[in-house]
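# Close look at the chain arrangement
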Amino acid sequence: MTLRLHNTLSRQLEEFRPLAPPRVTLYTCGPTVWNYAHIGNFRTFVFEDVLRRYLAYRGFEVVHVMNLTDVDDRTINAAKAAGVPLVEHTKPFTRAFFEDRDYLRLVPAHHYPAATGFIPQMVALVSRLLERGVAYRGADGSVYFGIERFPSYGRLSRIDTREIKVGARVSSDEYAKEDARDFALWKAAKPEDEAVGAAWDAPFGRGRPGWHLECSAMSQHYLGDTLDIHCGAVDLIFPHHEDEIAQSEAASGKPFARHWLHGEFLMIRGTKMSKRYGNFLTARDLREQGVEPAAVRYLFGQTHYRKQLDWSDEALEGAAAAVRRLGEFRERLAKAPAGGSAEWGEPVAVLERRFVEAMDDDLNVPGALGALMDFVREGNAVLDRTGAVPVSALAAFDRITVVLQVVPAAGGAGDLDAEVRSLAEERQRHRRERDWARADEIRNILLDKGFDVRDTKDGGYELRRVSTPRSAT
């Protein structure tokens with residue numbers, strides 16, 4: 001079977017083929033840390049997490065970069081309103097994002113570059129674009145990208161460039177379609193930028209990076225000129241991702257991203273969840289309410305990532321009931337005596353086949369959840385008849401739920417154990433490849449989850465629970 005993903009660039013399902021298999025380079029647009037990320041943002045982050053986990057399930061080795069936008073109009077305005085330096089304003093929201101990430105069980109990215117840490121790379125990228133004649137300095141001292149100088153501009157969003165008012169420019173980071181003009185790469189410093197520490201020296205004038213510039217510089221730094229997969233929400237297609245393509249390809253002369261995946265909006269009573277509309281809900285709101293994160297992920301998974309999802313308390317209650325059933329079933333599997341292999345063979349084979357068929361079809365998580373719930377129903381019936389479970393049945397259930405993360409933590413310690421085992425195996429692979437830095441990173445992740453990994457003389461490893469996870473100290 002072949003993994004096929006919907007590519008926004010071609011508007012078609014395409015067979016996924018990374019440039020250098022089994023390695024997959026993945027870049028996902030992260031939060032703007034001017035405020036708490038809302039659940040609509042996390043719907044996109046969860047879809048990207050499922051993608052990453054499923055790529056690992058299929059044997060790929062993913063290198064994942066997620067940026068943190070800590071300098072743009074919103075962060076600067078928020079810092080100014082609070083009367084604090086930019087870095088002081090964004091730091092607690094960055095920390096909150098990582099707490100929310102852990103609550104919703106997102107696998108940490110390998111790199112979380114913050115825009116303010118990559119100013120030299122951004123300055124170099126602007127200089128290259130000026131040298132190549134696709135960028136120019138405006139009368140206001142800012143540097144702009146001339147879209148007429150990049151003939152293929154608009155192919156991702158399918159925008160007709162004739163609709164764009166030629167010669168007019170805006171330097172705003174607000175992302176409404178009607179504001180599309182030659183876009184700002186580097187914005188001349190203003191008093192409010194200087195006031196919060198958001199201005200840097202550059203050969204073309206003191207200022208700060210444009211929002212679009214940041215992702216290009218950081219992705220190229222970690223993943224090279226061409227990435228395998230670039231993800232984000234649909235509202236980033238234009239202008240953000242369109243502008244990323246333009247500036248990246250104009251600088252390198254190479255394709256920027258081979259596959260573009262975009263997740264649809266989370267809605268509240270038919271309206272997009274947004275701080276602008278005042279109808280947003282944050283992950284910390286749910287955590288404070290005691291909402292099981294597996295239920296949130298199950299609710300997200302019931303609707304395909306390319307379709308809009310309407311959030312409601314009733315839908316969340318239904319998802320909570322479903323994950324409780326999954327947790328109870330896993331406990332039955334774990335407690336039952338070993339045996340009954342003949343009875344379990346076909347249900348396990350059907351589960352794994354249906355799961356892969358669904359996920360290979362553009363991450364059809366609703367289909368995968370359907371296969372899982374059918375297995376629960378049939379598995380309970382087999383357990384009632386035989387009273388026994390082979391190790392293979394529990395292992396198959398764990399492999400699949402590690403990808404979907406829909407078993408409650410309280411009733412599914414084995415689900416966490418399966419994820420921990422997966423991380424430990426990944427660490428072993430990096431040790432074999434002598435990638436000591438990544439192996440140490442994974443060891444620290446395991447410590448944060450409450451597990452210590454120790455290498456054995458025969459080249460293997462042992463996992464031991466620690467009384468206090470490092471993240472709790």
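Note: the structure precedes this text.
Since the structure is predicted, the reported quantities are computational estimates derived from the model, not experimental observations.

### Focus on unusual backbone geometry
A cis amide bond, omega 5°, links P21 with the succeeding residue P22. Within the fold, P22 resides in the loop between strand 2 (12-15) and strand 3 (23-28). The amide bond that connects F238 to the next residue, P239, takes the cis arrangement and shows omega of 5°. For P239, the position within the fold is in helix 7 (residues 237-252). One non-glycine residue, D362, lies in the positive phi region at around 55°. Take D362: it is sitting in the loop between helix 11 (341-360) and helix 12 (365-386).

### Section: the state of the cysteines
Tallying each qualifying case throughout the model produces 0 disulfides. Between C29, a cysteine without a disulfide, and C215, which holds the nearest cysteine sulfur, the sulfur-to-sulfur distance is 4.0 Å. Between C231, a cysteine without a disulfide, and C29, which holds the nearest cysteine sulfur, the sulfur-to-sulfur distance is 9.1 Å. Its relative accessible area of 0% is what places C231 among the buried residues.

### Structural notes on helix 4 (residues 119-131)
Between its first and last C-alpha atoms helix 4 spans 18 Å; for 13 residues at 1.5 Å apiece the expected length is 18 Å, and the two agree. Residues of helix 4 that are buried include every one of I119, M122, V123, L125, V126 and L129, and no others. For helix 4, the buried positions fall inside an angular range of 160° around the axis, keeping them on one side. Projecting away from the buried face of helix 4 at angles above 90 degrees are the exposed residues P120 and E131. Buried residues along helix 4 sit against strand 5 (135-137), strand 6 (143-145), strand 7 (183-188), strand 8 (207-209), helix 6 (211-223) and helix 7. G133, located one to two residues past helix 4, shows a positive phi value of around 80°.

### Description of the sheet that holds strand 7
An order of 5-6-7-8 is seen for the 4 strands of this open sheet, with the pairing classed as antiparallel. Edge positions in the sheet fall to strand 5 and strand 8, since each has one partner strand and no second. Going across the sheet, the axis of each strand differs from the next one's by a mean of 25°, ignoring polarity. Two strands pair when backbone bridges link them, and strand 7 and strand 8 are joined in this way by 3 bridges, in the antiparallel orientation. Among the inter-strand pairings, K187 is bridged to a residue of strand 8, identified as R208. Along the sheet, helix 7 contacts strand 6 and strand 7; its crossing angle with strand 7, the most-contacted strand, is approximately 80°.

Calculation notes
Residues numbered from 1 in each chain as written. Predicted model: local features only at pLDDT ≥ 70, side-chain atom pairs only at ≥ 80, totals over all residues. Heavy atoms only, no water. Helix = DSSP H or I, 4+ residues; strand = E, 2+ residues; numbered from the N terminus. Disulfide = S-S within 2.5 Å. Buried < 20%, exposed > 50% of the residue type's maximum accessible area, 1.4 Å probe, protein only. Expected span 1.5 Å × (residues − 1). Arc of directions from axis to C-beta. Contact = heavy atoms within 4.5 Å. Pairing = 2+ DSSP bridges. Axes fitted to C-alpha atoms, helices over the stretch in contact; angles between N-to-C directions.

Distances and angles like these do not, on their own, reveal function.
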